[in-house]
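Observations on the model geometry
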Amino acid sequence: MEKAVLLDEQAIRRALTRIAHEIIERNKGIDDCVLVGIKTRGAFIAKRLAERITAIEGKAIQTGELDITLYRDDLTVKTEDQQPLVRQVDIKHDVTDKKIILVDDVLYTGRTVRAAMDAIMDVGRPSQIQLAVLIDRGHRELPIRADYVGKNIPTSSGERIVVRMTESDQEDRVVITE
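Presented here is an overview of the structure given in this document. Bear in mind the structure is a predicted one, so any value in this text is a computation, not a measurement.

Moving on, we come to the pairing of strand β3 (residues 62–66). The sheet contact formed by strand β2 (residues 33–38) and β3 spans 5 bridges and is parallel. The residue of β3 that forms the bridge with V34 is Q62. In this view, the connection linking β2 to its parallel neighbour β3 by way of helix α2 (residues 41–57) has right-handed handedness. As paired elements, β3 and strand β4 (residues 90–91) share 2 bridges and run antiparallel to each other. Counterpart to E65 in the pairing with β4 is D90.

Rendered as structure tokens:
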């Protein structure tokens, strides 16, 4: 059951514009930066951030995507013929000595981000990994903190945050449900 709308389309747009400015300011431009979206909605958010950063800076920021399915530590063990398909890490740029900005929709326990960092480290050795999220809902199980946050939403463990994006859900909205 939907309890409340946390962000509407305009609030999402404002939050992403603010995060884009914060990324540029903190990194003193976008040289040596790569935005990497965590599929699915994190990749959509990274694409929107890249568009805003390009508009602000007048040049494109490097981007990539990754699917951390195989890196998740909470997958059950499968028999040899049931192994998950290898997902492509779609980062066409060398990440060595770059500032990687991981982008996800919701930061919760930190396990997805930890898995994404493992995937990045398998590709190369960045000089730094930063994290941008649309929503930080608390309840961390790992010592992971976002560098850029659209909105902090304290939640109970029984609540869910649902991010809907036009690219997959035909609307931009963040809602809290029970």
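Anyway, onward from the coordinates.
The next point concerns the packing of helix α1 (residues 9–26) against α2. Across the interface, α1 lies against α2 with an axial gap of 9 Å and an inter-helix angle of 60 degrees. One finds that α1 runs oblique with respect to α2. Of the two possible hands of crossing, α1 and α2 adopt the one that is right-handed. Contacts between α1 and α2 involve I12, R13, L16, T17, I19, A20, H21, I23 and I24 from the former and I45, R48, L49, R52, I53, I56 and E57 from the latter. Counted by class, the contact of α1 with α2 contains 10 nonpolar, 2 polar and 4 charged residues.

What the 3 strands build is an open sheet, ordered β1-β9-β8; its pairing is antiparallel. Strands with a single pairing partner mark the edges of an open sheet, and in this sheet they are β1 (2–7) and β8 (160–164). Neighbouring strand axes in the sheet, compared pairwise and without regard to direction, differ in orientation by 25 degrees on average. Where β8 meets strand β9 (residues 173–177), 5 bridges bridge the pair, whose relative direction is antiparallel. Within the sheet, the bridge partner assigned to R160 lies in β9 and is T177.

The end-to-end C-alpha distance of α1 is 26 Å, a good match for the 26 Å that 18 residues give at a rise of 1.5 Å each. Along α1, the positions that sit buried rather than exposed are A11, I12, A15, L16, I19, A20, I23 and I24. Immediately beyond the C-terminal end of α1, within one or two residues, lies K28, with a positive phi of roughly 50 degrees.

As a further point, take the sheet that holds strand β7 (residues 148–152). With mixed pairing, 6 strands are arranged side by side in an open sheet as β4-β3-β2-β5-β6-β7. Where the open sheet ends on each side, the last strands, each with one partner, are β4 and β7. Sheet topology places strand β5 (residues 99–107) next to strand β6 (residues 128–136); 8 bridges connect them, and they run parallel. Note that in β6 the partner of I100 across the bridge is I129. Running over the sheet, α1 touches β2, β5, β6 and β7 and is turned about 150 degrees from β7.

Structurally, D136 can be placed in strand β6. Overall, the relative accessible area of 11% leaves D136 in the buried class. Within the structure, the side chain of D136 is placed 3.0 Å from the backbone nitrogen of G138, a separation counted as a polar contact. When near neighbours in sequence (up to four residues on either side) are disregarded, D136 contacts L107, V149, K151, N152 and I153.

The rules we used
- Residues numbered from 1 in each chain as written.
- Predicted model: local features only at pLDDT ≥ 70, side-chain atom pairs only at ≥ 80, totals over all residues.
- Heavy atoms only, no water.
- Pairing = 2+ DSSP bridges.
- Helix = DSSP H or I, 4+ residues; strand = E, 2+ residues; numbered from the N terminus.
- Right-handed = clockwise from strand over helix to strand, strands pointing away.
- Axes fitted to C-alpha atoms, helices over the stretch in contact; angles between N-to-C directions.
- Parallel < 35°, antiparallel > 145°, perpendicular 65-115°, else oblique.
- Left-handed = near helix turned anticlockwise from the far one by under 90°.
- Contact = heavy atoms within 4.5 Å.
- Nonpolar A, V, L, I, M, F, W, Y, C, P; charged D, E, K, R; others polar.
- Expected span 1.5 Å × (residues − 1).
- Buried < 20%, exposed > 50% of the residue type's maximum accessible area, 1.4 Å probe, protein only.
- Polar contact = N/O pair within 3.5 Å; in protein donor to acceptor, adjacent residues only side chain to side chain.

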